[in-house]
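# Fold and contact review
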Amino acid sequence: QYLDEGLGLPQDQAEAAESSRLQSLATITPEKAKSAALAQVPGTVKKVELENEDGNVVYGVEIRTADGERDVKVDAGNGSVLHVEKDDGEDDDND
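Presented here is an overview of the structure given in this document. (Residues numbered from 1 in each chain as written. Predicted model: local features only at pLDDT ≥ 70, side-chain atom pairs only at ≥ 80, totals over all residues. Heavy atoms only, no water.)

Core analysis: the largest hydrophobic core is formed by 15 residues, its most contacted members being L50, Y59, V61, V72 and V74. Ranked by residues supplied to this core, first place goes to strand β2 (residues 56–65) with four residues. Dropping the residues within four chain positions of it, V74 is found in contact with I28, A33, A36, A37, V58, Y59, V61, G79, S80, V81 and L82. (Core = buried A, V, L, I, M, F, W, Y, C linked by side-chain atoms within 4.5 Å. Buried < 20%, exposed > 50% of the residue type's maximum accessible area, 1.4 Å probe, protein only. Helix = DSSP H or I, 4+ residues; strand = E, 2+ residues; numbered from the N terminus. Contact = heavy atoms within 4.5 Å.)

Evaluated as defined, the whole model comprises nine salt bridges. Where K47 meets E49, a salt bridge forms, and the shortest distance between an N and an O atom there is 3.8 Å. E49 gets classed as partly exposed once you look at its relative accessible area, which sits at 33%. Salt bridges sharing partners connect three or more residues here, namely E51, E53, D71 and K73. (Salt bridge = Lys/Arg side-chain N within 4 Å of Asp/Glu carboxyl O.)

With that settled, the discussion passes to the environment of L38. Of note, L38 is situated in helix α2 (residues 30–40). The class for L38 is partly exposed, based on a relative accessible area of 26%. It is 10.0 Å that separates the C-alpha atoms of L38 and V81, two residues lying 43 residues apart in sequence. Non-local contacts of L38, meaning those with residues more than four positions away in its chain, are made with G43, V45 and I63.

On to the sheet that holds β2. In spatial order, the strands read β1-β2-β3-β4; together these four strands make up an open sheet with antiparallel pairing. Strands at the two margins of the open sheet, each flanked by one partner only, are β1 (44–53) and β4 (81–87). On average, adjacent strands in this sheet sit at an angle of 20° to one another, irrespective of strand direction. Strand direction decides the pairing type here: strand β3 (residues 68–75) and β4, joined by six bridges, are antiparallel. The partner of R70 across the bridge, within β4, is K86. Packed on one face of the sheet, helix α1 (residues 11–25) meets β1 and β2 and runs near 95° to β1. Packing against the sheet, α2 makes contact with β1, β2, β3 and β4, and its axis sits at approximately 55° to β2. (Pairing = 2+ DSSP bridges. Axes fitted to C-alpha atoms, helices over the stretch in contact; angles between N-to-C directions.)

Shown next as C-alpha coordinates:
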(Lines give C-alpha, C1' and ligand atoms only; values in the text may rest on other atoms or scores of the structure.)
Protein backbone atom coordinates (compact mmCIF):
# COMPACT_ATOMS: atom_id res chain seq x y z
CA GLN A 1 0.00 0.00 0.00
CA TYR A 2 1.58 3.21 -1.16
CA LEU A 3 0.10 6.66 -1.31
CA ASP A 4 0.46 8.30 -4.68
CA GLU A 5 2.11 11.50 -3.48
CA GLY A 6 5.44 10.89 -5.11
CA LEU A 7 6.97 10.00 -1.75
CA GLY A 8 7.08 6.26 -2.25
CA LEU A 9 6.42 5.72 1.45
CA PRO A 10 4.24 3.00 2.91
CA GLN A 11 0.84 4.41 3.87
CA ASP A 12 1.49 4.47 7.63
CA GLN A 13 4.77 6.36 7.17
CA ALA A 14 3.12 8.81 4.78
CA GLU A 15 0.31 9.38 7.29
CA ALA A 16 2.83 9.96 10.08
CA ALA A 17 4.70 12.46 7.90
CA GLU A 18 1.44 14.25 7.06
CA SER A 19 0.45 14.31 10.73
CA SER A 20 3.82 15.80 11.67
CA ARG A 21 3.51 18.41 8.91
CA LEU A 22 0.02 19.40 10.03
CA GLN A 23 1.17 19.62 13.67
CA SER A 24 3.92 22.03 12.64
CA LEU A 25 1.30 24.27 10.98
CA ALA A 26 -1.15 24.32 13.89
CA THR A 27 -0.78 27.28 16.23
CA ILE A 28 -3.34 26.23 18.84
CA THR A 29 -3.22 23.13 21.00
CA PRO A 30 -5.63 20.20 20.79
CA GLU A 31 -6.90 21.27 24.24
CA LYS A 32 -7.83 24.74 22.93
CA ALA A 33 -9.59 23.17 19.95
CA LYS A 34 -11.48 20.89 22.34
CA SER A 35 -12.56 23.86 24.49
CA ALA A 36 -13.72 25.84 21.45
CA ALA A 37 -15.71 22.87 20.15
CA LEU A 38 -17.32 22.21 23.54
CA ALA A 39 -18.31 25.89 23.84
CA GLN A 40 -20.24 25.47 20.59
CA VAL A 41 -21.51 21.90 21.11
CA PRO A 42 -21.84 20.73 24.72
CA GLY A 43 -21.18 17.03 25.20
CA THR A 44 -18.41 14.49 25.65
CA VAL A 45 -15.34 14.66 23.41
CA LYS A 46 -14.50 11.30 21.84
CA LYS A 47 -11.58 12.30 19.65
CA VAL A 48 -9.51 15.31 18.57
CA GLU A 49 -7.33 15.05 15.49
CA LEU A 50 -5.59 17.34 13.05
CA GLU A 51 -6.92 17.19 9.52
CA ASN A 52 -6.26 18.74 6.15
CA GLU A 53 -9.61 20.14 5.09
CA ASP A 54 -9.38 21.43 1.51
CA GLY A 55 -5.87 22.75 2.14
CA ASN A 56 -6.70 24.23 5.54
CA VAL A 57 -5.33 22.80 8.77
CA VAL A 58 -8.21 22.11 11.15
CA TYR A 59 -8.90 20.07 14.24
CA GLY A 60 -11.71 17.59 13.84
CA VAL A 61 -13.38 17.22 17.23
CA GLU A 62 -15.87 14.38 17.63
CA ILE A 63 -18.41 15.10 20.36
CA ARG A 64 -21.10 12.77 21.70
CA THR A 65 -24.25 14.73 22.56
CA ALA A 66 -27.62 13.70 23.95
CA ASP A 67 -29.04 13.45 20.41
CA GLY A 68 -26.12 11.86 18.57
CA GLU A 69 -22.61 12.72 17.53
CA ARG A 70 -21.26 15.94 16.08
CA ASP A 71 -18.07 16.52 14.13
CA VAL A 72 -16.83 20.02 14.87
CA LYS A 73 -14.13 21.59 12.66
CA VAL A 74 -11.95 24.08 14.51
CA ASP A 75 -9.41 26.32 12.75
CA ALA A 76 -5.97 25.16 13.94
CA GLY A 77 -4.61 28.67 13.43
CA ASN A 78 -7.02 30.83 15.40
CA GLY A 79 -9.30 28.43 17.28
CA SER A 80 -12.56 29.53 15.64
CA VAL A 81 -15.28 26.97 15.01
CA LEU A 82 -15.65 26.65 11.26
CA HIS A 83 -18.32 24.01 10.87
CA VAL A 84 -20.50 21.63 12.85
CA GLU A 85 -21.95 18.58 11.19
CA LYS A 86 -24.08 15.77 12.51
CA ASP A 87 -22.19 12.49 12.33
CA ASP A 88 -24.71 10.11 10.81
CA GLY A 89 -22.62 7.03 11.46
CA GLU A 90 -21.71 6.60 7.80
CA ASP A 91 -18.00 6.95 8.63
CA ASP A 92 -17.15 3.32 9.24
CA ASP A 93 -13.38 3.30 9.64
CA ASN A 94 -13.34 1.73 13.12
CA ASP A 95 -12.07 4.64 15.17
